Number of protein chains: 2
Amino acid sequence: MPKDRRRFTREDPDSRKDALIRATLSLMAARGPSAVTVRAIAEEAGVTQGMIRHYFSSKQDLMNAAYQAHMQTQTEMSQATHDSGGGTARQRLARLIHASVTPPVAEPMALSLWAGFIHMVRRDSAMRVTHEKTYLHYRDLLQVMITAAIAETGRKVSTDEARSLAIACNAVIDGLWLEGGALPDAFDSDELSQIGLRSVEAIIGLSLTGERA
Amino acid sequence: MPKDRRRFTREDPDSRKDALIRATLSLMAARGPSAVTVRAIAEEAGVTQGMIRHYFSSKQDLMNAAYQAHMQTQTEMSQATHDSGGGTARQRLARLIHASVTPPVAEPMALSLWAGFIHMVRRDSAMRVTHEKTYLHYRDLLQVMITAAIAETGRKVSTDEARSLAIACNAVIDGLWLEGGALPDAFDSDELSQIGLRSVEAIIGLSLTGERA
DNA sequence: CGAGTAATTCTGCAAGCGTATAATTACAGA
DNA sequence: TCTGTAATTATACGCTTGCAGAATTACTCG
């Protein structure tokens, strides 16, 4: 009777789920969607494949959870810097922009993750809701901060105008994030951050750094 | 002796390859990377699966060809409008921007295609070369046109400055392209095009439409 | 310390995958 | 019209996939 069944310790559900989610994201980022199999996830998480269906109702369910976790992390990372520290609205806006186009928010693996999930977003309504919420939440934050930054200089903007400016600034940031992730070696360090800052300044017609462009 | 073997007609190699490539792109766009199987491709193209390995050395080889074909189409579509028609450099730049953020260049399926291929780009060197060439080609075109547009007003820009402006404008365009594709219902028609135009005007400090913002 | 139970591992299955190759067919040229 | 050959279809193989359920183990509670 060969008793080579592997030993294990019971862990609390949350840490097990977390391990599975982290394994999923790690595989998706490093090796693409086709490498995200239940067996690979289990191995990466250090468990056997049965655990996936024990803690999630299906592989797709785990994917949804992983996507949600990733988006939340991205949001938190880009906003942590600007929330803390205080300063003027312009300074906080500058910090938000910088954080959004530099690591750890902007890096090749984050782009891989985004690309790996985006096609599921189109077909899975739960994932689509997560996606829209995250995007609009970020853009709304941008809109509020742009409005505040402009207000500091005494000018006022209508809601419609602020919306357009936020869409534009969001596009610059998204574009730089995308390019930095797709061609990581094509730009100097800080180059994308500086370009992002100057572009937003030009779009909203306002210096964020105290210097004149 | 059941002779239910399907009838067929011989076609020239180019049209067969083209049908397989179009089927590949169609599946990738509509149903994502996991739906792109040799059997699905063959069915979509109206042939049997043996054809794929008859005309391509492997499925991956077909994927490369499809990616290349897609990128070439995108490039041609975005540049067709601005090349023809003449006009000032500013007018041609405005047309290029408009074409780049409106259908058929900017649409959900183009984004799906891009996302589906991007992870292969990271690992396959042939695909990476195609990717870099396409990206840099577009950005260089942008840089040339920005330089020309500014020159029309009598100003001059250094090469370094033109490069930064091109990266910034490319980011806006990419960002709007991405957002239009990811949330097709979140924007009015022409909204993204107008925002793109105004943003580029602000970044390069120049009116492209003859009006003052 | 012993029994119950839930967490975890293990094994198996049906379906689908990419690839290889044999069998057939359509067409060109003699 | 017949024959050779390349294009096309059809079939099969070995492997992997997601999923399901039985077997086993670690831990809790009396």
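Rules used in this analysis
Residues numbered from 1 in each chain as written. Chains lettered and ligands numbered in written order. Predicted model: local features only at pLDDT ≥ 70, side-chain atom pairs only at ≥ 80, totals over all residues. Heavy atoms only, no water. Least-squares fit on C-alpha atoms with pLDDT ≥ 70 in both. Contact = heavy atoms within 4.5 Å. Domains from an automatic or database assignment. Buried area = accessible area lost by both parts, 1.4 Å probe. Salt bridge = Lys/Arg side-chain N within 4 Å of Asp/Glu carboxyl O. Polar contact = N/O pair within 3.5 Å; in protein donor to acceptor, adjacent residues only side chain to side chain. Helix = DSSP H or I, 4+ residues; strand = E, 2+ residues; numbered from the N terminus. Nonpolar A, V, L, I, M, F, W, Y, C, P; charged D, E, K, R; others polar. Near = heavy atom within 4 Å. Buried < 20%, exposed > 50% of the residue type's maximum accessible area, 1.4 Å probe, protein only. Core = buried A, V, L, I, M, F, W, Y, C linked by side-chain atoms within 4.5 Å.

Draft legend 1. Up close: the relation of the copies chain B and chain A. Turning chain B through 180° and shifting it by 0.0 Å along the axis lays it on chain A, with an RMSD of 0.1 Å. The symmetry that links the two subunits is that of a two-fold axis. Mapped onto chain A, 98% of the interface residues of chain B again fall at the interface, so both copies present the same surface.

Draft legend 2. Here's a closer look at the domain arrangement of chain A. Residue and element names in this part refer to chain A. Considered domain by domain, chain A is made up of domain 1 (11-56) and domain 2 (60-204). Here the C-alpha centre of domain 2 lies 28 Å away from the C-alpha centre of domain 1. Taken together, the contact between domain 1 and domain 2 spans 12 residues of the former and 13 residues of the latter. Carbon and sulfur atoms make up 89% of the area that domain 1 and domain 2 hide from each other, which totals about 1,000 Å². Where domain 1 meets domain 2, there are zero salt bridges. Where domain 1 touches domain 2, the interface holds zero residue pairs in polar contact (both at pLDDT 80 or more). The leading source of residues in the side of domain 1 that touches domain 2 is helix 1 (residues 13-31), at seven residues. The class makeup of the residues in the side of domain 1 that touches domain 2 is 11 nonpolar, one polar and no charged.

Draft legend 3. Structural view of the protein's contact with DNA strand D. The full set close to DNA strand D counts 30 residues, and Arg10 and Arg53 of chain A together with Arg10, Arg16 and Tyr55 of chain B are the nearest of them. Close to the protein, within 4 Å, the atoms of DNA strand D belong to sugar or phosphate groups at a rate of 65%. In this structure, Arg10 of chain A approaches DNA strand D through a side-chain N or O atom, which is 2.3 Å from a base nitrogen. At 2.8 Å from a phosphate oxygen of DNA strand D is found a main-chain nitrogen or oxygen belonging to Val38 of chain A. Taken together, the elements giving at least two residues each to the surface near DNA strand D come down to helix 2 (38-45) of chain A together with helix 3 (50-55) of chain B.

Draft legend 4. Main features of unusual backbone geometry. Residue and element names in this part refer to chain A. Cis geometry marks the peptide bond from Pro103 to Pro104; its omega dihedral reads 5°. Inspection of the secondary structure puts Pro104 in the loop between helix 5 (89-100) and helix 6 (108-123). With a phi close to 75°, Asp190 is a non-glycine residue in the positive phi region. Tracing the backbone shows Asp190 in the loop between helix 8 (159-182) and helix 9 (191-204).

Draft legend 5. Layout of the pattern of salt bridges. For the coordinates displayed, the defined rule picks out six salt bridges over all chains. Among the salt bridges present, the one from Glu191 of chain A reaches Arg163 of chain B, with a minimum N-O distance of 2.7 Å. Of this pair, Glu191 of chain A sits in helix 9 while Arg163 of chain B sits in helix 8 (residues 159-182), which puts the two residues in different chains. Judged by its relative accessible area of 13%, Glu191 of chain A is buried.

Draft legend 6. Quick look at the nonpolar core. Ile204 of chain A together with Ile204 of chain B are the most contacted members of the largest nonpolar core, which has 142 residues in total. Leave out the neighbours within four places in its chain, and Ile204 of chain A touches Leu93, Ile146, Ile150, Arg155, Leu165 and Cys169 of chain A.

Draft legend 7. Examining the interface of chain B and chain A more closely. At the interface, 42 residues of chain B touch 41 residues of chain A. Its largest share of buried area at the contact with chain A, chain B owes to Arg122, Glu179 and Leu183 of chain B, together 15% of the area lost on that side. Seen at the junction of chain B and chain A, the total is two salt bridges. In this assembly, chain B and chain A are joined by 12 residue pairs in polar contact (both at pLDDT 80 or more).

Draft legend 8. Quick peek at the protein's contact with DNA strand C. Near DNA strand C there are 30 residues, and of these Arg10, Arg16 and Tyr55 of chain A together with Arg10 and Arg53 of chain B occur at the shortest range. The protein-proximal atoms of DNA strand C, defined as those within 4 Å of the protein, are 66% sugar or phosphate. Between Arg6 of chain A and DNA strand C, the recorded distance is 2.9 Å, taken from a backbone N or O atom to a phosphate oxygen. Mapped by element, the contributors of at least two residues to the surface near DNA strand C are helix 3 (50-55) of chain A together with helix 2 (38-45) of chain B. The biggest single contributor to the surface near DNA strand C is helix 3 of chain A, with four residues.

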